[in-house]
Amino acid sequence: MEATACPVACPPASPAVAPVRPAAPAELTEALLRQFDAPGPRYTSYPTADRFGSAFGPGDAATALDALAASDPAMAQPVSVYVHIPFCEQLCYYCACNKIITKHHERAAEYLDHLEIELGLVGARIGHGRPVSQLHFGGGSPTFLSDDELARVMAALRGVFTLQPDAEVSIEVDPRTVTAARLAHFRTLGFNRLSFGVQDFDADVQQAVHRVQSLDMVRGLMVAARELGYVSINADLIYGLPRQTPESFTRTIAQMVELRPDRLAMYAYAHLPTRFKPQRRIHDAELPPPGDRIAMLGGALAALQTSGYDYIGMDHFALPDDALAVAKREGRLHRNFQGYSTQSDRDLVALGVSSIGQVAGQFYQNDKTLPGYYEALQAGRLPVVRGYATTADDRLRREVIMAVMCQGRVDYAAVEARHGIDFAATFATELAELQAMAGAGLVRLQPQGLEVTAAGWYLVRAIAMVFDRHLRASQDRARFSKVV
């Protein structure tokens, strides 16, 4: 399950400040939830993708790619690459991703033909052989592709880019579509990281969301992945799904702890049926009430930490020796559209239908439909339909928001030095608004900076939202999920 956004870096944390640990479940009360649990972005980018506009088109994206080439003619700086594979065999009712449900695997060949055209257009502008430090396949279900088709895509990518020896090469895996033999094949192609979409192990919940996969199936694949030498194994869970209860989710967490993935992402289900048609098959009456959602989140936080996982932030956990946990301890944590990451603020080249890239300070998004994507490429132009050129104010606010999201603190002097501002004067309105959160014990406001408290980590998105100029200007938050 992939969420399109763009990578953004978080400023280094002060080494003198210890990471903030989350609160005990009792510290998030119903009263706090009612006061601050408003809809808002997840901040996998800033500005968020809903701010992109159609005035930004393929010509602007081409100019951005040219600027990348001109700024680094020796191609010394590595980039990140994202490849979107939109196909899935079955519909998961909770899904908000850009996907195409089909059992006709022959459709993949036409898609890969056009993906190679796009690769050629990009390579012609940024040059061939540019190093890649991070390559991620998302979807949809990338494992919809056959082994030969995945080999074809990897060969095409290597024809344009050079994967660094220590590059993170990851793929999202639907456990229902792979075997141990397929995982072995992925290793020969260069993949060294896997992300398994699990969501929940409870059979009743799986039936309600139309995604049935057994614990034994996932266990067998994780065991095989370890034997094959994958560097990191991630698993995704979702809380707030229909028919979930605090008791059932506690069992799922215990089962996941037994499997011991290196990383775990635990997302809050965002029920937005007016935006995402598949969610209309979910019955509102079967969704857990807010109190149960809080209990699921709090119980999972406590259980995972008791079981040895480090809390990375918001929805991510990792074992202490995983690179993500090490980055958190060393103040090198970043956030991009896969969530928390060890990657710095690299240019992102995005390929495939609906994918979003960030190059030379410009965001761009490809056409969300296959016909539009194909038509643009057949005409020899980049399939970009919208985008956004960041301003100095955007870059300033991005740094503050990502410092909140990644490190849980903002050092005023460091921000002032990098951007030439007076923090208190520039953010007078925001600091005044934060007083209510400080009074509620969610954030500490000090002369030298602000710090998210243990209880505040539950509502860290709400704290970050205070600095979002675009959200403040529009006040249109219906498109977003609530923060808990």
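Worth saying up front: this structure is predicted, and the values here are computed from it rather than measured. (Residues numbered from 1 in each chain as written. Predicted model: local features only at pLDDT ≥ 70, side-chain atom pairs only at ≥ 80, totals over all residues. Heavy atoms only, no water.)

Peer 1: Before we move on, could you go through the nonpolar core and cite the residues and values that matter?
Peer 2: With 126 residues, the main nonpolar core has V81, F137, L157 and F161 as its most contacted residues. For this core, the element with the most residues is helix α12 (residues 392-407), which contributes 8 residues. In this structure, F137 is in contact with Y82, V83, I85, P142, L150, V153, M154, L157, S170, I171, E172 and F191, ignoring residues within four places of it in sequence. Judged by nonpolar contacts, the second largest core, of 13 residues, contains Y93, V209, Y269 and L287. (Core = buried A, V, L, I, M, F, W, Y, C linked by side-chain atoms within 4.5 Å. Buried < 20%, exposed > 50% of the residue type's maximum accessible area, 1.4 Å probe, protein only. Helix = DSSP H or I, 4+ residues; strand = E, 2+ residues; numbered from the N terminus. Contact = heavy atoms within 4.5 Å.)

Peer 1: Please set out the packing of aromatic side chains residue by residue, giving values where relevant.
Peer 2: Under the defined criterion, the tally for this structure stands at 13 aromatic pairs. Here the aromatic rings of F186 and F191 are separated by 6.1 Å at their centres, their planes lie at 65 degrees, and the arrangement is edge-to-face. Across this residue pair, the class does not change: F186 and F191 are buried. Centroid distance Y373 to Y374: 6.1 Å. Interplanar angle 50 degrees. Geometry classified as tilted. With respect to burial, Y373 and Y374 carry one shared label: buried. We note R335 situated over the ring of Y340; from NZ or CZ to the ring centre the distance is 4.5 Å. (Phe/Tyr/Trp six-rings, centres within 6.5 Å; stacked < 30°, edge-to-face > 60°. Lys NZ or Arg CZ within 6 Å of the ring centre and 35° of its normal.)

Peer 1: Can you lay out the pairing of strand β8 (residues 263-268) for me, pointing to particular residues and giving the numbers?
Peer 2: Burial runs high along β8: 6 of the 6 residues are buried. On β8, burial covers both faces: R263, A265 and Y267 on one face and L264, M266 and A268 on the other are all buried. Judged from the 6 bridges that link them, strand β7 (residues 232-239) and β8 form a sheet pairing that is parallel. If you follow N234 over to β8, its bridge partner there is R263. Here β8 pairs with strand β10 (residues 316-318) via 3 bridges, running antiparallel. Of the residues in β10, the one forming a bridge with L264 is F317. (Pairing = 2+ DSSP bridges.)

Peer 1: Provide a residue-level description of helix α7 (residues 215-227), including the pertinent values.
Peer 2: Between its first and last C-alpha, α7 extends 18 Å over 13 residues, near the 18 Å set by a 1.5 Å rise per residue. Of all the positions in α7, only L215, V218, L221, M222, A224 and A225 are classed as buried. Against the buried residues of α7 lie α5 (180-189), β6 (193-199), β7 and α8 (246-259). Just past α7, the residue G229 takes up positive phi, approximately 85 degrees. (Expected span 1.5 Å × (residues − 1).)

Peer 1: Outline the packing of α7 against α8, listing residues and values.
Peer 2: Packing of α7 against α8 leaves a shortest axis separation of 10 Å and a crossing angle of 25 degrees. Between α7 and α8, the angle is such that the two are roughly parallel. With respect to the hand of their crossing, α7 and α8 are arranged in right-handed fashion. Facing L215, V218, R219, M222 and R226 of α7, the residues of α8 in contact are Q255, M256, E258 and L259. Partitioning the contact of α7 with α8 into residue classes produces 5 nonpolar, 1 polar and 3 charged. (Axes fitted to C-alpha atoms, helices over the stretch in contact; angles between N-to-C directions. Parallel < 35°, antiparallel > 145°, perpendicular 65-115°, else oblique. Left-handed = near helix turned anticlockwise from the far one by under 90°. Nonpolar A, V, L, I, M, F, W, Y, C, P; charged D, E, K, R; others polar.)

Peer 1: Before we move on, can you summarise the sheet that holds strand β18 (residues 443-446) with the specific residues and values?
Peer 2: The strand order across the open sheet formed by 3 strands is β17-β19-β18, and the pairing between neighbours is antiparallel. Taken across any chain shown, the strands that pair with only one partner, and hence form the sheet edges, are β17 (409-411) and β18. This sheet shows a mean twist of 10 degrees between the axes of neighbouring strands, independent of strand direction. This element, helix α13 (residues 412-419), spans β17, β18 and β19 (449-452) of the sheet and lies at about 55 degrees to β17.

Peer 1: Before we move on, can you summarise the pattern of salt bridges with the specific residues and values?
Peer 2: Using the criterion set out here, one finds 25 salt bridges in the structure. In this structure, D72 engages R130 in a salt bridge whose closest nitrogen and oxygen atoms are separated by 3.1 Å. Linking D72 in the loop between α2 (58-71) and β1 (79-85) with R130 in strand β4 (residues 130-139), this pair joins segments that are 58 residues apart in sequence. The two residues D72 and R130 agree in class, both being buried. Put simply, D393, D394, R397, E430 and R469 are held in one network by salt bridges that share partners. (Salt bridge = Lys/Arg side-chain N within 4 Å of Asp/Glu carboxyl O.)

Peer 1: How would you summarise unusual backbone geometry if you had to cite specific residues and measurements?
Peer 2: Geometrically, the link from Y46 to P47 is a cis peptide bond, its omega value of -10 degrees lying close to zero. Assignment of secondary structure puts P47 in the loop between α1 (30-36) and α2. G140 follows G139 through a cis peptide bond whose omega is 25 degrees. Even without glycine at this site, Q199 takes up a positive phi of about 75 degrees. Along the chain, the position of Q199 falls in strand β6. Look at Q199 and you get buried, because its relative accessible area is 3%. If you check the backbone angles, S354 has positive phi at about 70 degrees while not being a glycine. Judged by its relative accessible area of 1%, S354 falls in the buried class.

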